Structure formats: C-alpha cells, structure tokens
Amino acid sequence: DYKVNVRGLENLLETVSDAQIPLIQISTREVIGLRDFRKDPLKLFSGGDDLRRIPEDEPCLPLHSYGKTKLMAEYLCQGYEKGTVIRLNTPYTDNWTSGQGLISVLVKKSCLDRKVRLDNLGRAVRDPLHISDLAELTLKIFEKGIHQIVINAAGGEENIISLKEICIEANPKVVIEDGSENSDFGFIMDIQNAVNLGWRPRTNIRTWLRGITRS
C-alpha cells in the first residue's frame, strides 16, 4: 500500500511539478473509516434517510494500511499547488463479472452463485457512482482549474440503494442469507461541492442493474 499509494504519488508529483501539470488524485471512502453514521444512534435504522451525509471535512480515522496510505496521498496531493483530490464512495463499471469492488461482488454473487450473505439483512446503503460519471467530474475539475481541495464523488440521492436491493435488482430470485448484526449501516456522501461545479451523476444504478443483468 505504501509503495503504490505514497511512493507512487511522490514519483508522479516529481514528474509533473516542474512543468506545472495539474494532477487529480483518485482517493477513497476508506480514508474516513468505519463507524456508525446514523443521525440518531438510538433510533432503529430503516434506510438512507437515517444517515448523515458525509462532507469533505469529515474527520478521517482510517482503519487499515490502504486507507491510511490513501489519506497520506491526499495530503501530498493537496500540498502541490495544482493538485486536486476526488474522494470516491462506491464506484462501479459495466464489467460486473470482474469481482472487483462492492457492486461487482454483489451482482456477480447474485447472478452466478444465486446466493449472498449480507450483514444487517442487507439494510446498509450506498450511493454508487458509475465510472463514466467519474470521468465527467474529472474533466470538469480539470477544465475549471480547481486545485488544492478535496471533492466528494458519489451517485447522489437518486442512487441511494440498499445492499439487499442491489442483489434483488440483479437477480429477483437470489437467496439472501443473514450475516452478522453490526453498526455498519452504510455511508452516503454529500456531493454538493461537485454539483456546484455544474456536474451531476447521469447513470441510475437501478436502471443499470436491470439493463446489464437481464440483457
């Protein structure tokens, strides 16, 4: 993790800084860490409306080397006068069979294994972002010359979806097995700063799920 996320970025900065080339670092929700993001921890969780929207200035408490080294990389990138950080929540691509990333794992298990084990009965939610929308945001930041800040990138309110719903949309006949009960009810980003740049997610996760798995 250190060699790729920190030393790798250092090498990039050394290469681009003399020529003053803009650098956009793709970071991750893992820099925030795992905790209970409910608005009211005493209330029984029912869905996305119960979760706080996490802004860019949320305290970062990464739990493992990947998150910690990505956070180090964020600081390095912001130290460069033409550096910008895009912090991703749950990105996905059209290659749902790859097994890379949460969405691909859930869809692949639902469609091929036809059985998925989910903690909290799959009630936890995400706001997934399609890679094409990430590309549009990256281009928007580059064109506007936005530097030395962190910008959240996620699917927004229209794409808030539970893990259970992801699996059922992919395969209505999937068997959902109950995992453990814990405090991980999900993570939803506040993307207002990205929207203020004139950007908005175009791909709807539910439409995408119905299209790629039933074609």
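Preceding block: the structure.
Here the structure is a predicted model, which is why all the values come from computation and not from measurement.

Think of it this way: side chains of opposite charge can pair up when their charged atoms draw near. Scanning all chains against the criterion turns up 14 salt bridges. Close ionic contact of Arg52 with Glu58 constitutes a salt bridge, the shortest N to O distance being 3.1 Å. We classify Glu58 as buried; its relative accessible area is 9%. Note that Glu169 is salt-bridged to Arg210, the shortest N-O span being 3.0 Å.

On to unusual backbone geometry, then. Most peptide bonds are trans, and most residues other than glycine sit at a negative phi. Positive phi is not limited to glycine here, since Arg114 has a value of about 60 degrees. Of note, Arg114 is situated in the loop between α3 (102-113) and β5 (115-118). Positive phi, normally seen in glycine, also occurs at Leu121, with a value near 55 degrees. Mapped onto the elements of the fold, Leu121 is located in the loop between β5 and β6 (125-126).

A few words on helix α4 (residues 131-144). When the terminal C-alpha atoms of α4 are compared, their 20 Å separation across 14 residues agrees well with the 20 Å that a helix rising 1.5 Å per residue should span. Within the sequence span of α4, burial applies to Asp133, Leu134, Leu137 and Ile141. Along α4, the residues classed as buried sweep out an arc of 105 degrees about the axis, all on the same side. More than 90 degrees from the buried face of α4, the exposed residues found are Phe142 and Glu143. For α4, the secondary structure elements touched by its buried residues are β1 (23-28), β3 (83-88), β7 (129-130), β8 (150-153) and α6 (192-195). The positive-phi residue at the C-terminal boundary of α4 is Gly145, with phi of around 65 degrees.

Along the chain, the position of Ala135 falls in helix α4. In the structure, Ala135 is positioned 26 residues away from Ile161 in sequence and 22 Å away in space, judged by C-alpha atoms.

For the rest of this paragraph, the subject is the nonpolar core. Ranked by size, the top nonpolar core spans 28 residues in total, and within it Leu51, Ile86, Leu137 and Ile141 carry the most contacts. Elements represented by at least two residues in this core include exactly β3, α4, β8, β11 (188-189) and α6. The element that contributes the greatest number of residues to this core is α4, accounting for three residues. Residues contacting Ile86, with those up to four places away along its chain left out, are Ile24, Gln25, Ile26, Ser27, Leu134, Leu137, Thr138, Ile141, Ile151 and Ala153. If you look at the next biggest cluster of nonpolar residues, it comprises 18 residues, including Trp96, Val116, Trp208 and Leu209.

What counts, and where the lines are drawn
Residues numbered from 1 in each chain as written. Predicted model: local features only at pLDDT ≥ 70, side-chain atom pairs only at ≥ 80, totals over all residues. Heavy atoms only, no water. Salt bridge = Lys/Arg side-chain N within 4 Å of Asp/Glu carboxyl O. Buried < 20%, exposed > 50% of the residue type's maximum accessible area, 1.4 Å probe, protein only. Helix = DSSP H or I, 4+ residues; strand = E, 2+ residues; numbered from the N terminus. Expected span 1.5 Å × (residues − 1). Arc of directions from axis to C-beta. Contact = heavy atoms within 4.5 Å. Core = buried A, V, L, I, M, F, W, Y, C linked by side-chain atoms within 4.5 Å.

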